[in-house]
Amino acid sequence: MTAVTPHLFWITSRAAGVAALLLASVGVSLGLLMGGKLMRGRGPDLRVAHETISIATIVAIAVHGVALLGDHFMNPSLADITVPFVSGYKTVWTTVGIVAGWSTIFLGLSFYARRRIGARRWRSMHRFTVLAWWLGVIHSLGEGTDAGEIWFLAMTAIAVLPALVLFVARLGGAGRGSSSRTIPRSSPRPTT
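Bear in mind the structure is a predicted one, so any value in this text is a computation, not a measurement. (Residues numbered from 1 in each chain as written. Predicted model: local features only at pLDDT ≥ 70, side-chain atom pairs only at ≥ 80, totals over all residues. Heavy atoms only, no water.)

Which parts of the structure should I look at to understand the overall build of the protein?
The number of helices and strands found in the protein is eight helices and zero strands. In sequence order, the secondary structure elements of the protein are arranged as α-α-α-α-α-α-α-α. Counting the 192 residues in the protein, one finds 34% classified as buried. A fraction of 63% describes how many contacts in the protein between residues 6 or more apart in sequence connect residues 24 or more apart. (Helix = DSSP H or I, 4+ residues; strand = E, 2+ residues; numbered from the N terminus. Buried < 20%, exposed > 50% of the residue type's maximum accessible area, 1.4 Å probe, protein only. Contact = heavy atoms within 4.5 Å.)

Before we go on, may I ask you to explain unusual backbone geometry in this structure?
Negative phi values dominate among residues other than glycine, just as trans dominates among peptide bonds. Notably, asparagine 75 is not glycine yet its phi reads approximately 50°, a positive angle. Along the chain, asparagine 75 falls in the loop between α2 (47–68) and α3 (78–82). The exposure class assigned to asparagine 75 is exposed, which follows from its relative accessible area of 55%. The backbone phi angle of lysine 90 is positive, close to 40°, even though this residue is not glycine. Residue position: lysine 90 is located in the loop between α3 and α4 (91–109). With relative accessibility at 37%, the residue lysine 90 sits in the partly exposed group.

Looking at this model, I keep getting lost on a nonpolar patch on the surface. Mind explaining?
Judged by side-chain polarity, Ile55, Val59, Val63, Leu109 and Tyr112 come together as a nonpolar surface patch covering roughly 410 Å² of accessible area. Locating tyrosine 112 in the fold gives a position in the loop between α4 and α5 (114–117). (Patch = residues over 30% accessible without salt bridge, like charges linked within 9 Å, V, L, I, M, F, W, Y side chains within 5 Å. Areas by Shrake-Rupley, 256 points an atom, 1.4 Å probe, with all protein chains shown as cover. Salt bridge = Lys/Arg side-chain N within 4 Å of Asp/Glu carboxyl O.)

The quantities given are spatial measurements derived from coordinates; they are silent on function.
Below you can see the structure in the form of structure tokens.
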């Protein structure tokens, strides 16, 4: 059995990264359910659950990054884990993760500034949450220690597919109410 102590920070970061991926996927799914008319007025109010999961996601992202500072194998600097393109370790994948993390944190916390920035502007900005989430998925599949493991791929698929299906349905107009209108055809012109 391997001693835990030398790997504690790496294991903690790894666990927090997996937790962030799962939480973000559930949060995005709830947000997509709430944003359309698919569930509006027909089910439970999901706002409290969505907010709680969003905050838990932000905490998991922070723990994921900060725990790496104690990893003696990577030995990253604060800039390595917070500034895109600085890290020498898998630079592209790390940068995707940093951009995903900062974007998720910014968009998640923007909820508390929505009165200042206006509801319409906040909603427009909040739509980018799906992009931030997708960047996080890409980061986990490209850089994660467990990225090639069957259990990790299965877990990721189980967590990601519902959000992906809801997003594709949203793009297709499902859940927004009746947005399809019948367009009258012009009648054929009489020949004279």
